Amino acid sequence: MSLINILIVEDEVIVADDVRVTLEEFGYNVVGIAASGEEAIACSDSRHPDLVLMDITLKGNIDGIAAARQIKQRLNIPIVFLTAHGEESTVNRAKHAGPSGYLIKPFTDHDLRSAIENALHFSTIT
């Protein structure tokens, strides 16, 4: 299996670092951690990750949904939302960004790995 490169987009440093450690334990390569939508777009453009883990509520003027739309349009890579927002209005808005997964915080390591593996699998067959 080739190394899978993942970008983490999370503005809470402790959460981002915890996800990074978990991903590295799973054998994934974390190509960066972005704290804003603007930074997520720039990092995606320059580092070309295979997948983006995206929080919805971020610092800056671009939230995770808007950033996901731009990244998807530019690079057509899978995006998995990791968010504390499970209310219907947010989920419906997020659907329009074309995510490959949606995990509600807190989530288990098993749930995270499953979401990533499914997103990567389905992105290769569609």
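About the thresholds
Residues numbered from 1 in each chain as written. Predicted model: local features only at pLDDT ≥ 70, side-chain atom pairs only at ≥ 80, totals over all residues. Heavy atoms only, no water. Helix = DSSP H or I, 4+ residues; strand = E, 2+ residues; numbered from the N terminus. Contact = heavy atoms within 4.5 Å. Buried < 20%, exposed > 50% of the residue type's maximum accessible area, 1.4 Å probe, protein only. Pairing = 2+ DSSP bridges. Right-handed = clockwise from strand over helix to strand, strands pointing away. Salt bridge = Lys/Arg side-chain N within 4 Å of Asp/Glu carboxyl O.

Peer 1: Report on the environment of Pro78, specifying residues and quantitative values.
Peer 2: Take Pro78: it is sitting in the loop between helix H3 (64–75) and strand E4 (79–83). In the structure, Pro78 is positioned 40 residues away from Asn118 in sequence and 9.9 Å away in space, judged by C-alpha atoms. Residue contacts for Pro78: discarding those within four places in its chain leaves Asp50, Leu51, Val52, Lys72, Ser100, Ala119, Leu120 and Ser123.

Peer 1: If you had to explain the pairing of E4 to someone new, which residues and values would you point to?
Peer 2: Here E4 lies mainly inside the structure; 5 of its 5 residues are buried. Side chains Ile79, Phe81 and Thr83 project from E4 onto one buried face, and the interleaved Val80 and Leu82 project onto a second face that is buried too. Relative to E4, strand E3 (residues 51–54) runs parallel, the two being bridged by 3 bridges. Bridged to Met54 within E4 is Phe81.

Peer 1: I'd love a proper account of the pairing of strand E1 (residues 5–9), names of residues and values included.
Peer 2: Of all 5 residues in E1, 4 are buried; the element is thus mostly enclosed. Sheet topology note: the E1/strand E2 (residues 29–34) ladder contains 5 bridges and is parallel. What sits directly across from Leu7, in E2, is Gly32. A crossover connection joins E1 to the parallel E2 through helix H1 (residues 13–26); in handedness this β-α-β unit is right-handed. Pairing geometry for E1 and E3, over 4 bridges, is parallel. When the sheet's bridge partners are listed, Leu7 is paired in E3 with Val52.

Peer 1: Give a detailed account of the pattern of salt bridges, specifying residues and quantitative values.
Peer 2: Under the criterion given, the structure shown has 6 salt bridges. For Arg74, the salt bridge identified is with Asp45, shortest N-O distance 2.4 Å. Here Arg74, found in helix H3, pairs with Asp45, found in helix H2 (residues 37–47); they are 29 residues apart in sequence, far enough to count as distant. Judged by its relative accessible area of 29%, Asp45 falls in the partly exposed class. The residue Asp55 makes a salt bridge to Lys105 at a minimum N-O spacing of 3.4 Å. Here Asp55, found in the loop between E3 and H3, pairs with Lys105, found in the loop between strand E5 (101–104) and helix H5 (109–125); they are 50 residues apart in sequence, far enough to count as distant. Per residue, the accessibility class of Asp55 equals that of Lys105, and both read buried.

Taken by themselves, the reported measurements are silent on function.
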